[in-house]
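The chain contents come next:
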Amino acid sequence: MKMKNFKILSCSVLLAGMSLFSSCEDFLTKTPIADLSNKAYWTSESDLKAWRAGTYNGVQKIVSSTLLAWGELRSDDYYITLYANAALQLNSLDSNGSYCDWEKLYQVINRCNLAIENIPEMGLSEDVTGSYLGQFHGLRALMYFYAIRVWGEVPLITKSWDGDLNTKYNSRASLESIYEVIEDDLKIAISSLGNEGVYYFNQGAAYALQTDYLMWRKDYAGALKASDNLLALKRYEMVSNTTDWKKIFTDPTNSKETIFTIEWDFEKNNNNSYGGPIGVGGGNAHYQLSNSLFQRMLQDKKDVRFWGVVDTLNIYNGLDKQTLAPGNSQIIYGSTGALANKLCKFFPVKSTDPAVEFDIPATSGCVFEIPIYRFADVMLLRAEAMIHENKPAQDIIDIVNQVRSRCGNTIVAKVEDYPVRTGMTQSSLEKLVLDERQMEFYGEPKRWFDIIRTGYVNEILDPHLSYIQAMRGEEPVGFGSDLRRVRFPIAKSVFTSNPTLVGHQNPPYSE
């Protein structure tokens, strides 16, 4: 059953259990487990399904409210408009930003903890118990993986609170201890899960997350093994044409590339946090496509990652069709017309003459099928790992060309373009893969994490931010030399709620 059919199953049974802690389940103000109506709640699989629905709904709230800010809006994918929160782009974050708050993330973690503790006592069959436990362990691993990439060290909570005042508050845990929990959770998820479907955390998602996590740890051999295990499932493969590529975002259950997708629906989630910043539904876009990415898209206009993603109709309305060529047509920061300011990746194509038009409903009808992991993601991570493991350059380039060709791109990367020179080949191949990931995952909160993981912060962001700063009449200093700013500050409200964290803000931010 698709998650869209149950995700708002916050019906009487779910609300009865969750209302007891919905306002204070944040780890900062814990509620004892004895107050969570265990006897009344953890009695049947229907109760468990409702709890799972509420947990996935919590993940949806994270995806819709903050994932773009965490994973993409600070990158070179975008320019800001007059409606944007400039702090994200200009590297001037402070602890007042909503993107600094980890409450929703810990709500999901707490729900996972309660399920992990209670499911084994419910007396369900081994298969049913394993599937549910695998999902909750996998989701907890995913939440902590987001946390360490956004903030670094965070409080580590793996059990519900028993009411002991001595353990009410949690300090920040070491990264190593968090790594251990992620690794253990993934082992359980991998051994327990099967093919639960694209709207649930499944075994493929566990291998994909493991690949991603090990790349973050720079364990390239381990990442290759994890991706080998994903390939061995024989469930996923590259699509063969641009129509099927579009289905990844419009019909994920029927896409061979989909691994794990979260659906966000305006009507059911009652906000436009995901669509609003990128101008969906007729609102004013807070962010527009950057010129550097636009020029890369224009290198082959047959690529669906251009015409099937960018609001080309808007561009054509402002520019003569003949001028839409590399280096000639420019998206200018701060301009008021002809902006590629609507991300149309998640909507079907309505027509293609004279330019592509998308079937975008009114704001109240917007639905996004947002991939958390898909096959091309794992394969490009695999290509990156192969570089560091000194695998043949042709094998790496073959993956890039396969990703391109299925999108209609006719530009073929060649080995001879990457001459063997000490210290040069590895770097140029890594940039080839990184550039391909930028094209492939625009609008799927990954670019910022990619830049941080690969260590190209200044090389990529200095020219991008220097241009924006100069256009704003500011000193063009780029990202700056203080790389501690790649992490987000911890929200000011956290220090008020949890006194043990006072004095432990991420430098150089203030509390």
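This one's a predicted model, so the numbers in the text were calculated from it and none came from an experiment.

## Quick look at the nonpolar core
And step 1. In terms of nonpolar packing, the biggest core is built from 153 residues, with W70, L105, W151, F201 and F260 touching the most fellow members.
And step 2. Broken down by element, this core gets its largest block of residues, 14 residues, from helix α7 (residues 126–151).
And step 3. Among residues more than four places away in sequence, those in contact with F260 are Y56, L139, L142, V198, Y199, Y200, F201, A205, P371, I372 and Y373.

## Details of the packing of helix α10 (residues 220–232) against helix α16 (residues 375–388)
And step 1. Where α10 meets α16, the closest approach of the two axes is 9 Å, and the angle between their N-to-C directions is 145°. As α10 packs across α16, the resulting crossing turns out to be left-handed. Residues Y220, A223, L224, S227, D228, L230 and L231 of α10 touch α16, and the partners they reach there are F375, V378, M379, R382, A385, M386 and H388.
And step 2. By residue class, the composition of the contact of α10 with α16 is 10 nonpolar, two polar and two charged.

## Description of the pattern of salt bridges
And step 1. In the structure shown here, the tally under the stated rule is 27 salt bridges.
And step 2. Notably, a salt bridge pairs D185 with R140, separated by 2.8 Å at the nearest N-O pair. Of the two residues, D185 sits in helix α8 (residues 175–192) while R140 sits in helix α7, which places them 45 residues apart along the sequence.
And step 3. What makes D185 buried here is its relative accessible area of 2%.
And step 4. Looking at R140, the relative accessible area reads 6%, which means it is buried.
And step 5. For D450, the salt bridge identified is with R437, shortest N-O distance 2.8 Å. In this pair, D450 is assigned in helix α19 (residues 447–454) and R437 in helix α18 (residues 425–440), connecting sequence segments 13 residues apart.
And step 6. When its relative accessible area of 3% is taken as the criterion, D450 is described as buried.
And step 7. Three or more residues are tied together by salt bridges with common partners; here these are E257, D303, R305, K345, R374, R404, R406, E436, E440 and E444.

## Quick word on the confidence of the model for the protein
And step 1. Summary statistics for the protein give a mean pLDDT of 86 and a share of 81% for residues scoring 70 or more.
And step 2. Segment residues 31–37 is flagged for pLDDT under 50; beyond a separation of four residues in sequence, or across chains, it makes 19 contacts in the model.

## Quick word on the packing of aromatic side chains
Within a pair of aromatic rings, the relevant descriptors are the distance that separates the centres and the angle that separates the planes.
And step 1. Counted under the stated rule, the structure contains 25 aromatic pairs.
And step 2. On the numbers, 5.3 Å between centres and 65° between planes, the contact of Y41 with W42 is edge-to-face.
And step 3. Here Y41 falls in the buried class, since its relative accessible area comes to 3%.
And step 4. A ring pair is formed by Y56 and Y200, whose centres lie 5.7 Å apart and whose planes are at 85°; its orientation type is edge-to-face. Here Y200 lies in the loop between α8 and α9 (203–216) and Y56 lies in helix α3 (residues 45–65), a separation of 144 residues in the sequence. With respect to class, Y56 is no different from Y200; both count as buried.
And step 5. The side chain of R149 reaches across the aromatic face of F449, ending 4.2 Å from its centre.

Here is what the cut-offs are and how they apply
- Residues numbered from 1 in each chain as written.
- Predicted model: local features only at pLDDT ≥ 70, side-chain atom pairs only at ≥ 80, totals over all residues.
- Heavy atoms only, no water.
- Core = buried A, V, L, I, M, F, W, Y, C linked by side-chain atoms within 4.5 Å.
- Buried < 20%, exposed > 50% of the residue type's maximum accessible area, 1.4 Å probe, protein only.
- Helix = DSSP H or I, 4+ residues; strand = E, 2+ residues; numbered from the N terminus.
- Contact = heavy atoms within 4.5 Å.
- Axes fitted to C-alpha atoms, helices over the stretch in contact; angles between N-to-C directions.
- Left-handed = near helix turned anticlockwise from the far one by under 90°.
- Nonpolar A, V, L, I, M, F, W, Y, C, P; charged D, E, K, R; others polar.
- Salt bridge = Lys/Arg side-chain N within 4 Å of Asp/Glu carboxyl O.
- pLDDT = per-residue confidence, 0-100.
- Phe/Tyr/Trp six-rings, centres within 6.5 Å; stacked < 30°, edge-to-face > 60°.
- Lys NZ or Arg CZ within 6 Å of the ring centre and 35° of its normal.

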